[in-house]
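Listed here are the chains, written in short residue letters.
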Amino acid sequence: MIDGPYFVLTLLGALGCGLVAGVFCGFSTFVMRALAKLPPAQGVAAMNAINVAAVRPPFMLVFMGSAVLCAVLAVVTFVLLPAEGTVELLLGSALYLFGSFGVTIAANVPRNDALLKLESGTPEAAVYWPTYVREWTMWNHVRTVASAAAAVSYTLALT
């Protein structure tokens, strides 16, 4: 069984990934559905406000901190090669780093940046809004599942 500081890192990794999964799940299950029902001008304005508010220390500490923890856990696992939990630890790290953090950087942030450049009441924004909601939400589903699976994988490593 994993113990000592390694146990604490793994526990914090599971907790961080689970918290991020919860945030993403909320967006996938009700926030984006509610925003999609708004008129495009209101939906664009609301999502832009959310995207600006998200890049604040409380969420970024959990989101980025979890990425750092996952990277540390991957490196420590490669160095120590523990007798138990190696596969679960490496899988959890890969799921979060690629499926959550990587997807955020490669798919969600570029869409957020494109939306932020649009004035909420313009025809361009109205045309882009349905595409944005569909694509952003699809990639958010990926982030949700990857983050939750990473949390489960880390939890399995602890057992």
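Right above here is the structure, for reference.
The following refers to the structure shown. (Residues numbered from 1 in each chain as written. Predicted model: local features only at pLDDT ≥ 70, side-chain atom pairs only at ≥ 80, totals over all residues. Heavy atoms only, no water.)

1. With respect to the overall build of the protein
Item 1. Regarding its fold elements, the protein presents five helices and zero strands.
Item 2. For the protein, the N- to C-terminal ordering of α and β elements is α-α-α-α-α.
Item 3. Across its three principal axes, the protein shows a C-alpha extent of roughly 60 × 25 × 20 Å.
Item 4. For the protein, contacts bridging at least 24 residues in sequence account for 81% of all contacts bridging at least 6.
Item 5. Looking at the protein as shown, the accessible area adds up to about 8200 Å², and 77% of this sits on carbon and sulfur atoms.
Item 6. Computed over 7 positive and 7 negative side-chain charges, the inter-centroid distance for the protein is 13 Å. (Helix = DSSP H or I, 4+ residues; strand = E, 2+ residues; numbered from the N terminus. Contact = heavy atoms within 4.5 Å. Areas by Shrake-Rupley, 256 points an atom, 1.4 Å probe, with all protein chains shown as cover. Lys, Arg positive; Asp, Glu negative; His and termini not counted. Charge placed at Lys NZ, Arg CZ, Asp CG, Glu CD.)

2. Digging into the nonpolar core
Item 1. Counting 16 residues, the largest nonpolar core has Cys17, Leu89, Tyr96 and Tyr154 as the members making the most contacts within it.
Item 2. Elements that contribute at least two residues to this core include exactly helix H1 (4-37), helix H3 (57-80), helix H4 (86-116) and helix H5 (123-158).
Item 3. Broken down by element, the residue count for this core peaks at five residues, all from H1.
Item 4. Apart from residues no more than four positions distant in its own chain, Cys17 is found in contact with Ser66, Cys70, Tyr96, Ser147, Ala150, Ala151 and Tyr154.
Item 5. Phe27, Trp129, Val133 and Trp136 belong to the second-largest nonpolar core, a separate cluster that totals 13 residues. (Core = buried A, V, L, I, M, F, W, Y, C linked by side-chain atoms within 4.5 Å. Buried < 20%, exposed > 50% of the residue type's maximum accessible area, 1.4 Å probe, protein only.)

3. Concerning the packing of H1 against H5
Item 1. For the pair H1 and H5, interaxial distance at closest approach is 8 Å and the crossing angle is 155 degrees. Taken together, H1 and H5 sit at an angle that is classed as roughly antiparallel. The handedness of the crossing between H1 and H5 is left-handed. (Axes fitted to C-alpha atoms, helices over the stretch in contact; angles between N-to-C directions. Parallel < 35°, antiparallel > 145°, perpendicular 65-115°, else oblique. Left-handed = near helix turned anticlockwise from the far one by under 90°.)

4. What about a nonpolar patch on the surface?
Item 1. Together, Val8, Leu12, Leu15 and Leu19 line one region of the surface with nonpolar side chains, adding up to about 350 Å² of accessible area.
Item 2. Along the chain, the position of Leu12 falls in helix H1. (Patch = residues over 30% accessible without salt bridge, like charges linked within 9 Å, V, L, I, M, F, W, Y side chains within 5 Å. Salt bridge = Lys/Arg side-chain N within 4 Å of Asp/Glu carboxyl O.)

5. Some details on the side chain of Thr137
Item 1. Among the structural elements, Thr137 can be located in helix H5.
Item 2. Of note is the side chain of Thr137, whose polar atom sits 2.6 Å from the backbone oxygen of Val133.
Item 3. Among all residues touching Thr137, those that are not within four sequence positions of it are Ser28, Met32 and Tyr132. (Polar contact = N/O pair within 3.5 Å; in protein donor to acceptor, adjacent residues only side chain to side chain.)

6. A look at the layout of surface pockets
Item 1. In this structure, the largest pocket occupies an estimated 450 Å³ of space.
Item 2. Lining the largest pocket are 21 residues, and of these Asn51, Ala54, Val55, Phe59 and Asn112 lie nearest its centre.
Item 3. For the lining of the largest pocket, the secondary structure elements donating two or more residues are H1, helix H2 (40-54), H3, H4 and H5.
Item 4. Tallying contributions element by element places H4 first for the lining of the largest pocket, with seven residues. (1 Å grid on protein atoms, 1.4 Å probe; cavity = no way out; pocket = protein on both sides within 12 Å on 5 of 7 lines; lining within 4 Å. Points joined across faces, edges and corners; volume = space filled by probe spheres on them.)

7. Some points on the state of the cysteines
Item 1. Within this structure, the stated rule accounts for zero disulfides.
Item 2. Not part of a disulfide, Cys25 finds its nearest cysteine sulfur in Cys17, a span of 15 Å.
Item 3. Sulfur of Cys70: no disulfide; nearest cysteine sulfur belongs to Cys17 and is 3.8 Å away. (Disulfide = S-S within 2.5 Å.)

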